[in-house]
Number of protein chains: 2
Amino acid sequence: MQVLLLHPGAMGASIGAALVSRGHFVSWVAEGRSAATASRASEAGLRAVDTLAGAVADAEVAISVCPPDAAVTLAKNVQAAGFEGTYVDGNAVAPATAREVASIFPASYVDGGIIGPPAWREGATRFYLSGANAADIAALFDGSLVDARAMGERIDAASALKMCYAAFTKGSSALILAVRALAERNGVTEDLLREWNVSQPGLTGRSAATATSTSPKAWRFEGEMREIAATFAAADLPDGFHQAAAEIYARMAGLKDAASPDIDAALSAIVQSDSR
Amino acid sequence: MQVLLLHPGAMGASIGAALVSRGHFVSWVAEGRSAATASRASEAGLRAVDTLAGAVADAEVAISVCPPDAAVTLAKNVQAAGFEGTYVDGNAVAPATAREVASIFPASYVDGGIIGPPAWREGATRFYLSGANAADIAALFDGSLVDARAMGERIDAASALKMCYAAFTKGSSALILAVRALAERNGVTEDLLREWNVSQPGLTGRSAATATSTSPKAWRFEGEMREIAATFAAADLPDGFHQAAAEIYARMAGLKDAASPDIDAALSAIVQSDSR
């Protein structure tokens, strides 16, 4: 199968590599991408094509793996370039956004949601797929490092699942960092950690580990938190948890390339980027 | 010492009993309280006084243990009744609210924050105290089931600590229930629980246990969540987590006397009390 992978970031490159490992031909569009992306794509065995117009010509399937706020624009660009195959949106977007992308590809659309780290080891990463052709797309990954799972025909089910999943994991990570920042601001950090060590063993370590693991990725979480907030609002549930989480991650965006993103660096970013 | 305990709810009665166990005389005000309160107070060894005016006359210390939204009004009433001793506010209020109560008792105020369940067993419940006379109040509990800890002279430190502590515990409880409700609304509950069982072992059970433990108490959490939200806002941090948590608990308020408050009952309350 001829697959176009947009774009080979850390996650996308691993998805492309999984397809290559099963004998599919996977291309990507070099125009406007960085040298780091080119290097990742090359290592993953993907074939560079200069322009989007050139890439869509012979692609039977296009898979979108990009920041959530870029998903609709990318889909429109692919459609405008004349793509006629099956479009798979694998992004962390609200069900309403997934339906919007689906409307751009009325002939053949598959919704997707990726859970887990980039797929470089077996059993770590699941690619949920939904829509009429979900099973066909899932079959492309059979025997690869990506555990692709078809969920049925609903055109927004995979996105709904991804939103619910990330709502707790990334939402609770933002909450614990916000609470540590609140303690800092109120001068009761030592008291809080002492109390946690008595009644909530593990939370002190968890807050520190969350800072380290989240800081390099926080810059791309804001958009995802806004999509989750929209999902709550559309379900007549309060959207405040994830509007707040979006703000916490936005304040941490500058930690993308921090040398040692520990809890002190994270708290400093959260506390110092305030509005005072 | 003559102590006035306002009011002997589930927590307050245990605080009163701890003082009685150390030989202090503890009174409460019967006027306007329920038969259940009278029964709890009697079992705790507290002495009923008919009116607030009568109770403040010989009290050297008054301890306020009430819903956070009632804290300021209760303080004003005690002041208006002529109380001249040390006022201890043990409620889950924002530091700004604690300072407001402190201003009502310029002569002698102690801030408090209670962490843990009602104090009926050793080592379970800490009563944090701050302010100039914090150590004197803490000493009243020496050798009792209440682990009272003086934190220093700041008149809002105990409240700040309580806010930070509850911000994570009750905030994450509201978040996990909100996420379960989001999955219900989106028809992906089974998919989410299956994914949790793979990658977040324990979360399914934790969400169910949270529903059971939280439902009977949710009715009194809304006010506390609003105090926490105010604490975040005052610290130039996003207050959305706890505004949302307040709404989740408000929707669950009707479960106070539910026969079997399981996850289904909680989700039904959260989903059905929407604005549609």
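Keep in mind that what you see is a predicted model, and the values were worked out from it rather than measured.

Looking now at the overall build of chain A. Counting secondary structure elements, chain A contains 12 helices and eight strands. Since a compact globule built from 276 residues should have a radius of gyration of about 19 Å, the 20 Å found for chain A is in line with a globular shape. Its C-alpha atoms give chain A principal-axis dimensions of roughly 60 × 40 × 35 Å. With 276 residues in all, chain A has 58% of them scored as buried. Working note: accessible area of chain A is about 10,500 Å², and carbon and sulfur atoms make up 50% of it. Charged side chains in chain A number 22 positive and 30 negative. The centres of these two groups are separated by 4 Å.

Turning next to the interface of chain A and chain B. Size of an interface: often given as the accessible area lost when the parts come together. Across the contact, 55 residues belong to chain A and 55 residues belong to chain B. Summing both partners gives a buried area of about 4,700 Å² for chain A against chain B, and 71% of it is carried by carbon and sulfur. Linking chain A with chain B are two salt bridges, by the criterion used here. Its salt-bridge partner being Arg126(B), residue Glu195(A) comes within 2.5 Å of it at the nearest N-O pair. The interface formed by chain A and chain B contains 14 residue pairs in polar contact (both at pLDDT 80 or more). Put simply, the parts of the chain that give the side of chain A that touches chain B at least two residues each are β7 (125-130), α7 (157-186), α8 (189-199), α9 (203-214), α10 (221-234) and α11 (240-251) of chain A. Here the side of chain A that touches chain B gets 20 residues from one element, more than from any other, and that element is α7(A). A class-by-class count of the residues in the side of chain A that touches chain B yields 33 nonpolar, 11 polar and 11 charged.

On to the pattern of salt bridges. Should their charged atoms come close, side chains of opposite charge can pair. All told, the structure shown has 18 salt bridges over all chains when counted by the stated rule. Among the ionic pairs, Asp156(B) bridges to Arg154(B), the shortest N-O distance being 3.1 Å. Residue class for Asp156(B) comes out buried when judged on its relative accessible area of 10%. A residue is classified by how much of its surface remains accessible, and Arg154(B), at 36% relative accessible area, is partly exposed. Three or more residues joined by partner-sharing salt bridges are found here, namely Arg99(A), Arg154(A) and Asp156(A).

On to the relation of the copies chain A and chain B, then. Mapping chain A onto chain B calls for a rotation angle of 180° and an axial translation of 0.0 Å; the resulting RMSD is 0.0 Å. Those values place the two copies in the arrangement expected of a two-fold rotation axis. Most of the interface of chain A is mirrored in chain B, where 100% of its interface residues are also at the interface.

Here the focus is the sheet that holds strand β7 (residues 125-130) of chain B. Residue and element names in this part refer to chain B. Spatial strand order, β3-β2-β1-β4-β5-β6-β7-β8: eight strands in an open sheet with mixed pairing. Two strands lie at the open edges of the sheet, namely β3 (47-49) and β8 (146-150), each paired on one side alone. Geometrically, the sheet is characterised by an average inter-axis angle of 25° between neighbouring strands, direction not taken into account. Bridge count between strand β1 (residues 2-6) and strand β4 (residues 61-64): four bridges; the pairing is parallel. By the bridge assignment for β4, leucine 5 is matched with isoleucine 63.

What follows deals with the packing of α7(A) against α11(A). Residues and elements named next belong to chain A. One can describe the packing of α7 onto α11 by two numbers: an axis separation of 9 Å at closest approach and a directional angle of 65°. Helix-helix and strand crossings are classified by hand; for α7 and α11 the assignment is left-handed. Contacts from Ala167, Lys170, Gly171, Ser173, Ala174 and Ala178 of α7 reach α11 at His242, Ala245, Ile248 and Tyr249. Taken together, the residues of the contact of α7 with α11 break down into six nonpolar, three polar and one charged.

Attention shifts here to the environment of Arg251(B). Residue and element names in this part refer to chain B. Position of arginine 251 relative to the elements: it lies in helix α11 (residues 240-251). Remark: the alpha-carbon pair of arginine 251 and glycine 9, spanning 242 residues in sequence, is separated by 23 Å. A polar contact is formed between the side chain of arginine 251 and the backbone oxygen of isoleucine 270, at a distance of 2.8 Å.

Calculation criteria
Residues numbered from 1 in each chain as written. Chains lettered and ligands numbered in written order. Predicted model: local features only at pLDDT ≥ 70, side-chain atom pairs only at ≥ 80, totals over all residues. Heavy atoms only, no water. Helix = DSSP H or I, 4+ residues; strand = E, 2+ residues; numbered from the N terminus. Rg over C-alpha atoms; globule rule 2.2 N^0.38 Å. Buried < 20%, exposed > 50% of the residue type's maximum accessible area, 1.4 Å probe, protein only. Areas by Shrake-Rupley, 256 points an atom, 1.4 Å probe, with all protein chains shown as cover. Lys, Arg positive; Asp, Glu negative; His and termini not counted. Charge placed at Lys NZ, Arg CZ, Asp CG, Glu CD. Contact = heavy atoms within 4.5 Å. Buried area = accessible area lost by both parts, 1.4 Å probe. Salt bridge = Lys/Arg side-chain N within 4 Å of Asp/Glu carboxyl O. Polar contact = N/O pair within 3.5 Å; in protein donor to acceptor, adjacent residues only side chain to side chain. Nonpolar A, V, L, I, M, F, W, Y, C, P; charged D, E, K, R; others polar. Least-squares fit on C-alpha atoms with pLDDT ≥ 70 in both. Pairing = 2+ DSSP bridges. Axes fitted to C-alpha atoms, helices over the stretch in contact; angles between N-to-C directions. Left-handed = near helix turned anticlockwise from the far one by under 90°.

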